[in-house]
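Residue-level structure breakdown
One letter stands for each residue in the lines below.
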Amino acid sequence: MTEPTILHAVFTALPEKGEEVAALLRDFAEVVRAEEGNVLFDATRLVDDPDRFFAYEVYRDDAAFQAHISAPAGIPFNEALQQLIVEPASVLTFLRRI
C-alpha cells in the first residue's frame, strides 16, 4: 500500500497582516481541498498568537503531493503569502504515520 504524504506548514504574519494571511489561506484551502489527491487540508491559527498559522496537509501519495505543488494555484498563493509573512516561505515539516 502506498504511504500518504503528510506534512505541516507554519508561518508568521507580519505585524497587522494576520487578517490578510487568514483570508488568503482560507481561500487557498478551498482550492487545495478540491484537488483530486488531497485527503485533508486543515488551516488554523494559534489561539495564543493569532499571527502564527499552522496548516496540516495529507495527500494520497507523493504523486498527489507533487501535483499539488505544481498546480497553477500554488504560484500566486505563495507569491502573495511571501509578501505577508516573516519567514521567506512556509516552513514545512514532513511526517510519517506510526
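Residues numbered from 1 in each chain as written. Predicted model: local features only at pLDDT ≥ 70, side-chain atom pairs only at ≥ 80, totals over all residues. Heavy atoms only, no water.

**Comments concerning the packing of aromatic side chains**
One pass over the structure, following the stated rule, counts five aromatic pairs. Seen in terms of ring centroids, F11 and F53 are 5.8 Å apart; in terms of plane orientation they differ by 15 degrees. Their pairing is stacked. One end of the pair, F11, is in strand 1 (residues 5-12); the other, F53, is in strand 3 (residues 52-59), and 42 residues separate them in sequence. F53 shares its class with F11; the two are buried. (Phe/Tyr/Trp six-rings, centres within 6.5 Å; stacked < 30°, edge-to-face > 60°. Helix = DSSP H or I, 4+ residues; strand = E, 2+ residues; numbered from the N terminus. Buried < 20%, exposed > 50% of the residue type's maximum accessible area, 1.4 Å probe, protein only.)

**A few points about helix 1 (residues 18-33)**
One full turn of an α-helix is made of 3.6 residues, so residues set three or four places apart face in the same direction. Taking 1.5 Å as the rise per residue, helix 1 with 16 residues should run 22 Å; its terminal C-alpha atoms sit 22 Å apart, in good agreement. Listed as buried for helix 1 are G18, V21, A22, L25, F28, A29 and V32. Down the axis, helix 1 shows its buried residues gathered within 140 degrees of arc, on one side only. Away from its buried face, by an angle of more than 90 degrees, helix 1 presents the exposed residues E19, R26, D27 and E30. Where helix 1 is buried, its residues meet strand 1, strand 2 (38-45), strand 3, helix 2 (62-70) and helix 3 (74-82). (Expected span 1.5 Å × (residues − 1). Arc of directions from axis to C-beta. Contact = heavy atoms within 4.5 Å.)

**As for the sheet that holds strand 4 (residues 91-95)**
The strand order across the open sheet formed by four strands is 2-3-1-4, and the pairing between neighbours is antiparallel. In this open sheet, the two strands that pair with only one neighbour each are strand 2 and strand 4. Across this sheet, the average inter-strand angle for adjacent strands is 15 degrees, counted without regard to direction. In this structure, strand 2 lies alongside strand 3, joined through seven bridges in antiparallel fashion. Considered in strand 3, the bridge of A43 is made with A55. Those strands touched by helix 1 are strand 1, strand 2 and strand 3, and its axis lies near 170 degrees from that of strand 2. Taken strand by strand, helix 2 contacts strand 1, strand 3 and strand 4, and its axis lies near 130 degrees from that of strand 3. (Pairing = 2+ DSSP bridges. Axes fitted to C-alpha atoms, helices over the stretch in contact; angles between N-to-C directions.)

**Remarks on the pattern of salt bridges**
When their charged atoms lie close together, side chains carrying opposite charge are able to pair. Evaluation of the coordinates by the stated rule reveals five salt bridges. Of the charged contacts in the structure, one is a salt bridge between E87 and R52, with a shortest N-O distance of 3.5 Å. Taken together, the positions of E87 in the loop between helix 3 and strand 4 and R52 in strand 3 put the pair 35 residues apart, joining distant regions of the chain. E87 sits in the buried class, given a relative accessible area of 15%. Classification of R52 as partly exposed rests on a relative accessible area of 27%. (Salt bridge = Lys/Arg side-chain N within 4 Å of Asp/Glu carboxyl O.)

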